[in-house]
Amino acid sequence: MYNLIRFVKKYHFILLFLLIEGFSVFLLATNNHYQGNKINAFSQKYVGSLHAGLSNISDFFKLKQTNKFLADENAKLHSLLEKQSILSNDSLIFEAPLFKYQSARVINNSVHKSNNYLTLNKGTRHGIKEGMGVITENGVIGIIHSVSDRFSLVISVLHQKSSISVRLKNEMFLGRMLWSGFDYRKTTIDDIPNHANLNIGDTIISSGNSAIFPDGIIIGKVISFQKIPGDNFYKIQIQFFEDLNRIHYVYVAESLIKDEKELLELNAKDD
Amino acid sequence: MIKQLYKYFWLTPIFIFIQVYILNQVLFNGYINPYFYIMLIICLPQITPRWFLLTFAFLLGVFLDVFEGSIGFHSTACVMIAFLKPAFERIIIPKNTISAEQDLFLQKLGFKMFSVFAFMLIFIHHTILFLLAHFKLATFIDIIGKIALSSFITFVIILVCQFFFFNSDRRK
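Attention here is on the structure that accompanies the text. All figures in this text were calculated on a predicted structure; none of them were measured in a lab. (Residues numbered from 1 in each chain as written. Chains lettered and ligands numbered in written order. Predicted model: local features only at pLDDT ≥ 70, side-chain atom pairs only at ≥ 80, totals over all residues. Heavy atoms only, no water.)

### Here's the deal with the overall build of chain A
Right, on to step 1. Per the secondary structure count, chain A includes five helices and twelve strands.
Right, on to step 2. The buried share of chain A, taken over its 271 residues, is 40%.
Right, on to step 3. Looking at chain A alone, contacts between residues at least 24 apart form 61% of all its contacts between residues at least 6 apart. (Helix = DSSP H or I, 4+ residues; strand = E, 2+ residues; numbered from the N terminus. Buried < 20%, exposed > 50% of the residue type's maximum accessible area, 1.4 Å probe, protein only. Contact = heavy atoms within 4.5 Å.)

In structure tokens form, the structure reads like this:
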């Protein structure tokens, strides 16, 4: 016993190091499961209010930019309204809305990690639920990962695990958007077959297949692509239209058809 | 001995704040990602009890992890450099250069010794951190580039901070 105590005393530094480092690595390894979610929920609840307070300060400096953004948006909506009124004069089209939108402010954002998250200033109190899509005028931002009362956490498209269904604007070929982990202005697209007619500068839009995002939201343009011998798919690199480092206001899209669609597809799977 | 360490307690929130709200917001090209908060670990005096060194490094890492919304990355890297620090002190800093209670600051160690000491620890920290963070998806060259550039910028920021501390000491 005495020897044991002496041993522990003599090597306490290494033993403590092994203990703490082991614990760290354990945290790291369980990062993606239960533990990770719990920590995220904690940091959302307490760190969220701090982020919100500080973003109030930075908001002040962004006023000019925000004004311009809102003016542009207004102009766009006006022109849409005009078009609508011309159309509705000679034909009546009833189409149930597929999505409901609400705006939210980004109070914390990161783009330089390998797994990036955003925090929004709206939560369950405002009707935000897990799995809703987050978009802006110029692109897809991410999917709501978890919500607290007043805040919500978004898995950015700049996340290893995010995989978003996209397609070419002029052809119906579907692909998957996966982030390669470094440059926040670029991302890669898989699964577009190499018989598709692809050119540099082609626009990539969201496909709307998953019912998380509406169909046809512009995402980015093709900056390079290559055919890999022995593989049937292109390797495509695109550049985002949206500067993900500077997003300030976003829209949370709530799908009104998602439940119905998923129920229908679930039935098919059971057979 | 604990008296020497008091200031690290109130410096910790300030460093985390600067790191999370200023340095993490500034991005250069996706490759440069300085983490200057590890200066707190680097500068701890030689007399610091070993258990305190490890625990302090772990808590510092955990705080940063919580603020960044990740978990385990910073604490693993911080604990590793805290473990290596005493060995490096023995190798790099000759005896009687500096009394054991003094913080390992630039003006006390001299530029050459401080640079070697700080840069090695920074480099190890960044290597572990970025390897863990980008292991799966980035190419080897990308990671090496990111480690090298970020270490250098962190080192420069820490040097600038050292001059800041130096001046404040003089005024007293």
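### Brief notes about the sheet that holds strand E10 (residues 218–227) of chain A
All names here are of chain A.
Right, on to step 1. Around the barrel, which closes on itself, the six strands sit in the order E6-E7-E8-E11-E10-E9 with antiparallel pairing between neighbours. Ignoring which end each strand starts from, the neighbouring axes of this sheet average 45° apart.
Right, on to step 2. Summarising the sheet, strand E6 (residues 164–168) and strand E9 (residues 203–206) pair through three bridges and their orientation is antiparallel. In the sheet register, Arg167 faces E9, and the bridge partner there is Ile205. (Pairing = 2+ DSSP bridges. Axes fitted to C-alpha atoms, helices over the stretch in contact; angles between N-to-C directions.)

### Structural notes on the nonpolar core
Right, on to step 1. With 62 residues, the main nonpolar core has B:Tyr37 and B:Ile42 as its most contacted residues.
Right, on to step 2. Every element with two or more residues in this core is listed here: helix H2 (12–29) of chain A together with helix H1 (6–23), helix H2 (39–42), helix H3 (50–68), helix H4 (73–92), helix H5 (106–109), helix H6 (111–134) and helix H7 (140–171) of chain B.
Right, on to step 3. When residues in this core are grouped by element, the largest group, ten residues, is from H3(B).
Right, on to step 4. Non-local contacts of B:Ile42, meaning those with residues more than four positions away in its chain, are made with B:Lys85, B:Leu104, B:Phe117, B:Ala118, B:Leu121, B:Ile122 and B:Ile158. (Core = buried A, V, L, I, M, F, W, Y, C linked by side-chain atoms within 4.5 Å.)

### Side note on the interface of chain B and chain A
Right, on to step 1. Across the contact, 38 residues belong to chain B and 36 residues belong to chain A.
Right, on to step 2. Interface area, chain B with chain A, both sides summed: about 3400 Å², of which 69% is carbon and sulfur.
Right, on to step 3. Where chain B meets chain A, there are zero salt bridges.
Right, on to step 4. Split by residue class, the side of chain B that touches chain A holds 22 nonpolar, eleven polar and five charged. (Buried area = accessible area lost by both parts, 1.4 Å probe. Salt bridge = Lys/Arg side-chain N within 4 Å of Asp/Glu carboxyl O. Nonpolar A, V, L, I, M, F, W, Y, C, P; charged D, E, K, R; others polar.)

### Description of the sheet that holds strand E3 (residues 133–136) of chain A
All names here are of chain A.
Right, on to step 1. Strand order in the closed barrel formed by six strands is E1-E2-E5-E4-E3-E12, with antiparallel pairing between adjacent strands. Geometrically, the sheet is characterised by an average inter-axis angle of 45° between neighbouring strands, direction not taken into account.
Right, on to step 2. Note that strand E4 (residues 139–147) and strand E5 (residues 152–159) share five bridges and pair antiparallel. Residue pairing in the sheet places Val147 in a bridge with Ser152 of E5.

### Here we look at the packing of H2(A) against H4(B)
Right, on to step 1. Their axes nearest at 8 Å, the elements H2(A) and H4(B) cross at an angle of 165°. Considered as vectors, H2(A) and H4(B) are oriented roughly antiparallel to each other. Two packed elements cross with a definite hand, and for H2(A) against H4(B) that hand is left-handed. For the pair H2(A) and H4(B), the contacting residues are A:Phe13, A:Ile14, A:Phe17, A:Ile20, A:Glu21, A:Ser24, A:Val25 and A:Leu28 in the first and B:Phe73, B:Ser75, B:Thr76, B:Val79, B:Met80, B:Ala82, B:Phe83 and B:Pro86 in the second. (Parallel < 35°, antiparallel > 145°, perpendicular 65-115°, else oblique. Left-handed = near helix turned anticlockwise from the far one by under 90°.)

### Let's talk about the packing of aromatic side chains
Right, on to step 1. Enumeration over the complete set of coordinates arrives at 17 aromatic pairs over all chains.
Right, on to step 2. Seen from their ring centres, A:Phe23 and B:Phe58 are 5.8 Å apart, and the 55° between their planes marks the pair as tilted. A residue pair is termed interchain when its members come from two chains, as with A:Phe23 in helix H2 and B:Phe58 in helix H3.
Right, on to step 3. Looking at A:Phe23, the relative accessible area reads 41%, which means it is partly exposed.
Right, on to step 4. Since its relative accessible area comes to 12%, B:Phe58 is described here as buried.
Right, on to step 5. In textbook terms, an aromatic cluster arises when at least three aromatic residues are bridged by ring pairs, as seen for B:Tyr8, B:Phe9, B:Trp51, B:Phe52 and B:Phe56.
Right, on to step 6. Its end group placed over the ring of A:Tyr184, A:Arg185 keeps NZ or CZ at 5.3 Å from the ring centre. (Phe/Tyr/Trp six-rings, centres within 6.5 Å; stacked < 30°, edge-to-face > 60°. Lys NZ or Arg CZ within 6 Å of the ring centre and 35° of its normal.)

### Some details on a nonpolar patch on the surface
All names here are of chain A.
Right, on to step 1. A cluster of nonpolar side chains, contributed by Met1, Leu4, Ile5, Phe7, Val8, Tyr11, Ile14, Leu15 and Leu18, occupies part of the molecular surface with about 880 Å² of accessible area.
Right, on to step 2. Take the nonpolar patch: its biggest share by element is four residues, from helix H1 (residues 2–10).
Right, on to step 3. Looking at the secondary structure, you find Ile14 in helix H2.
Right, on to step 4. Note on Ile14: relative accessible area 39%, which makes it partly exposed. (Patch = residues over 30% accessible without salt bridge, like charges linked within 9 Å, V, L, I, M, F, W, Y side chains within 5 Å. Areas by Shrake-Rupley, 256 points an atom, 1.4 Å probe, with all protein chains shown as cover.)

### Some details on the side chain of A:Ser152
All names here are of chain A.
Right, on to step 1. Relative to the assigned elements, Ser152 resides in strand E5.
Right, on to step 2. The buried category is assigned to Ser152, whose relative accessible area is 0%.
Right, on to step 3. At 2.8 Å, the side chain of Ser152 and the backbone oxygen of Lys122 are in polar contact. (Polar contact = N/O pair within 3.5 Å; in protein donor to acceptor, adjacent residues only side chain to side chain.)

### Points about the pattern of salt bridges
Right, on to step 1. All chains considered together, the criterion is met by ten salt bridges over all chains.
Right, on to step 2. For the salt bridge of A:Arg167 with A:Asp215, the shortest nitrogen-to-oxygen distance reads 3.6 Å. With A:Arg167 in strand E6 and A:Asp215 in the loop between E9 and E10, this residue pair connects regions lying 48 residues apart in the sequence.
Right, on to step 3. B:Glu89 serves as the salt-bridge partner of B:Lys85, at 2.8 Å between the closest nitrogen and oxygen. Here the residue B:Lys85 and the residue B:Glu89 both occupy positions in helix H4, the gap between them amounting to four residues, near one helical turn.
Right, on to step 4. Assessed through its relative accessible area of 1%, B:Lys85 is described here as buried.
Right, on to step 5. Classification of B:Glu89 by relative accessible area gives buried; the value is 8%.
Right, on to step 6. Residues participating in the shared-partner salt-bridge network are A:Lys100, A:Lys129 and A:Glu254.

### What to know about the side chain of A:Ser255
Residues and elements named next belong to chain A.
Right, on to step 1. Structurally, the position occupied by Ser255 is in strand E12 (residues 249–255).
Right, on to step 2. Taking the relative accessible area as the measure of exposure, Ser255 reaches 16% and is therefore buried.
Right, on to step 3. Among the polar contacts made by the side chain of Ser255, one reaches the main-chain amide nitrogen of Lys258 at a distance of 3.2 Å.
Right, on to step 4. Discounting chain neighbours no more than four positions away, the residues touching Ser255 are Leu98, Phe99 and Ala211.

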